[in-house]
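Here's the letter readout for the chains.
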Amino acid sequence: MTITNAKIVLENKVIENGYVVIKDGKILEIGEGKYQGNDMVFDAKGNVLMPGFIDIHVHGSCGIDFMDANADDYKIISESMYKEGVTTFMATTLTSDHESLLKVCENVKEAKKVAKNLGGIHFEGPYINANHKGAQNEAFIRNPNIDELKQYIEKSGNNVRYISLAPEKEGAMEFIKFARENGVSCSAGHTDATFDDVEKAIKNGLTNTTHTHNAMSGHHHRKPGVVTAAMYFDELFTECICDGIHVCPNTIRTFYKIVGADRFIIITDALKIKHSDINEFQLFGLDCVRQNGAAYLTSGPLAGSLLTLDQGVRNIQEWTGASLIELAKISSRNAARSLRLNDRGEIKVGLLADFVLLDEKLNVLNVFKEGNKVL
């Protein structure tokens, strides 16, 4: 199949009128002007073709949480993700007991057979700092454990892709190094780490910061923490929840100006009540409520967002004036690179034919997963 008459967003330029030839789920050719071949054609009608969005931090959708989702549930969530333009997502867990996390691993391994856009698992915890636990259950917080990680990798069929942890915890440096060597990216999150802790962790393989600004040591002129390190170290990709609630838009504007389009990653951190009419729910034993456009613990703190990835893209464009090239990087390419998903994240010959087609206001029109139109 060939997508024609498209405004194609590449890594370094935009083709105003071009085409993409797809074969066996991958990009075979990218060209400018009118397509002269004989393949079945999909007319993009001049709309914007970007690499499919990647959400590396999302907890659920449609009333379903990944902590207790079965394969059928993943199929439902998968379809809701396509509506946001998301062609790859990481099923994100909560801080919980070992057996519950093993069960998630088993379910993800099975679910990948029916949910094509399920990329793997993001463990948010349990190796975090209780001082920045946020909506995580403190009862299950513990130190990084390599033996546990080995079991998660095995039980999931090698589908553990990403772990958010506190680098200052006992055993964290050895854990990060082991994870890196076994194909798992690590991110500083729910942490009270110092600037020096982060620098040491980078040397051991740390690559990301989790929902930057939220649940972490901040930017301080005498006690620099993770936020300062996120701004300084070019080795770090930086997640941000771009709903305008978790982080003030003016803070996002400032942070984006410092970090730039090559390190910034839009995430949703959305909870299960996204794409549902649920107002009250539990988050692995913690009571939560929908309120003022987000989810909150009934005790007060923010618990997570209701953001969709496509709305995050529109928000960033509005707040920062980011170009289409920049938006493609921060909604797809950077996430893929941070997790070493080398087969996606850009419109480039040889990569998966994962695309989102957008109108001029960046609303989702159509979605293609490995060349198949799924929306």
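Residues numbered from 1 in each chain as written. Predicted model: local features only at pLDDT ≥ 70, side-chain atom pairs only at ≥ 80, totals over all residues. Heavy atoms only, no water.

A.B. asks: Help me understand helix H5 (residues 195-203) in this model?
C.D. replies: Each full turn of the α-helix corresponds to 3.6 residues, which orients residues three or four apart in the same direction. Among all positions of H5, only Phe-195, Val-198, Ala-201 and Ile-202 are buried. Seen end-on, H5 carries its buried residues on one side only, within an arc spanning 125°. Set apart from the buried face of H5 by more than 90 degrees, the exposed residues are Asp-196 and Lys-203. Those residues of H5 hidden inside the fold are in contact with helix H4 (172-181) and helix H6 (226-232). Once H5 ends, the next one or two residues include Gly-205, with phi positive near 120°. (Buried < 20%, exposed > 50% of the residue type's maximum accessible area, 1.4 Å probe, protein only. Helix = DSSP H or I, 4+ residues; strand = E, 2+ residues; numbered from the N terminus. Arc of directions from axis to C-beta. Contact = heavy atoms within 4.5 Å.)

A.B. asks: Help me understand the pairing of strand S3 (residues 26-32), please; the structure alone is not making it clear to me.
C.D. replies: Regular strands place their side chains on alternate faces of the sheet. With six bridges connecting them, strand S2 (residues 14-23) and S3 associate as antiparallel partners. Within the sheet, the bridge partner assigned to Lys-23 lies in S3 and is Lys-26. Linkage of S2 to S3, two consecutive antiparallel strands, is achieved through a turn of two residues, within which Asp-24 is found at a positive phi near 55°. (Pairing = 2+ DSSP bridges.)

A.B. asks: Could you clarify how one ought to interpret the environment of Ile-202 in this entry?
C.D. replies: Within the element layout of this structure, Ile-202 appears in helix H5. The contacts of Ile-202, once residues within four sequence positions are left out, are Phe-233, Glu-235 and Leu-236.

A.B. asks: What's the story with the nonpolar core in this structure? I'm lost.
C.D. replies: Burial of nonpolar side chains together is a common tendency in soluble globular proteins. One finds Tyr-74, Phe-264 and Ile-316 to be the most contacted residues of the largest nonpolar core, which totals 91 residues. No other element matches helix H2 (residues 98-111), which puts six residues into this core. Excluding residues within four positions of it along the chain, Phe-264 makes contact with Thr-238, Cys-240, Cys-242, Ile-252, Phe-255, Tyr-256, Val-259, Ile-316, Ile-330 and Asn-334. Ala-6, Ala-353, Phe-355 and Phe-368 belong to the second-largest nonpolar core, a separate cluster that totals 16 residues. (Core = buried A, V, L, I, M, F, W, Y, C linked by side-chain atoms within 4.5 Å.)

A.B. asks: Before we go on, may I ask you to explain the pattern of salt bridges in this structure?
C.D. replies: A side chain with one charge can pair with a side chain of the opposite charge if their charged atoms come near. Scanning the model with the defined rule gives 19 salt bridges in all. Counted as one network, the salt bridges with shared partners bring together Glu-11, Asp-262, Lys-329, Arg-333, Arg-337 and Glu-346. (Salt bridge = Lys/Arg side-chain N within 4 Å of Asp/Glu carboxyl O.)

A.B. asks: Would you take a moment to explain the side chain of Arg-161 for this structure?
C.D. replies: Structurally, Arg-161 is set in strand S11 (residues 160-165). When neighbours within four sequence positions are excluded, Arg-161 is seen to be in contact with Met-90, Gly-119, Gly-120, Ile-121, Gly-183, Val-184, Ser-185, Leu-339, Arg-340 and Leu-341.

A.B. asks: What's the story with the sheet that holds strand S6 (residues 53-58) in this structure? I'm lost.
C.D. replies: Backbone-to-backbone hydrogen bonds join strands into a sheet, with any given pair of strands oriented parallel or antiparallel. Reading across from one edge, S6-S9-S10-S11-S12-S13-S14-S15 is the order of the eight strands in this open sheet, with parallel pairing throughout. The open sheet has two edge strands with one neighbour each: S6 and strand S15 (264-267). Both strand S13 (residues 208-209) and strand S14 (residues 237-241) contribute to a ladder of two bridges, which runs parallel. Bridging from a neighbouring strand, Asn-208 pairs with Phe-237 of S14.

A.B. asks: Hey, could you run me through unusual backbone geometry in this one?
C.D. replies: Where the residue is not glycine, phi is negative for most of them; where a peptide bond is considered, it is trans in most cases. Cis rather than trans, the peptide bond between Gly-125 and Pro-126 has omega equal to 10°. Inspection of the secondary structure assignment puts Pro-126 in the loop between strand S10 (118-124) and helix H3 (146-155). Of note in the backbone geometry, Cys-62 takes a positive phi value of approximately 60° without being a glycine. Tracing the backbone through its elements, the reader meets Cys-62 in the loop between strand S7 (60-61) and strand S8 (64-65). If you check the backbone angles, Asn-158 has positive phi at about 65° while not being a glycine. Assignment of secondary structure puts Asn-158 in the loop between H3 and S11. Residue classification places Asn-158 among the partly exposed positions, given a relative accessible area of 48%.

A.B. asks: Just checking my understanding: could you explain the sheet that holds strand S18 (residues 294-297) for this structure?
C.D. replies: Strand order in the open sheet formed by four strands is S16-S17-S18-S19, and the pairing between neighbours is antiparallel. On the outer flanks of this sheet lie strand S16 (280-283) and strand S19 (302-305), each paired with one strand and no other. Across this sheet, the average inter-strand angle for adjacent strands is 35°, counted without regard to direction. Looking at chain direction, S16 and strand S17 (residues 286-291) are connected through four bridges and run antiparallel. Bridge pairing links Leu-283 to Leu-286 in S17. (Axes fitted to C-alpha atoms, helices over the stretch in contact; angles between N-to-C directions.)

A.B. asks: I would appreciate a short explanation of the packing of helix H7 (residues 249-259) against helix H8 (residues 309-320) in the present structure.
C.D. replies: Geometrically, a packed helix pair is captured by the angle between its two axes and the distance between the axes. For the pair H7 and H8, interaxial distance at closest approach is 10 Å and the crossing angle is 80°. Overall, the two elements H7 and H8 adopt an arrangement that is roughly perpendicular. Only Ile-316, Trp-319 and Thr-320 of H8 make contact with H7, whose side of the interface consists of Pro-249, Ile-252, Arg-253 and Tyr-256. Within the contact of H7 with H8, the residues separate by chemical class into five nonpolar, one polar and one charged. (Parallel < 35°, antiparallel > 145°, perpendicular 65-115°, else oblique. Nonpolar A, V, L, I, M, F, W, Y, C, P; charged D, E, K, R; others polar.)

Any functional reading would require information beyond the geometric quantities listed.
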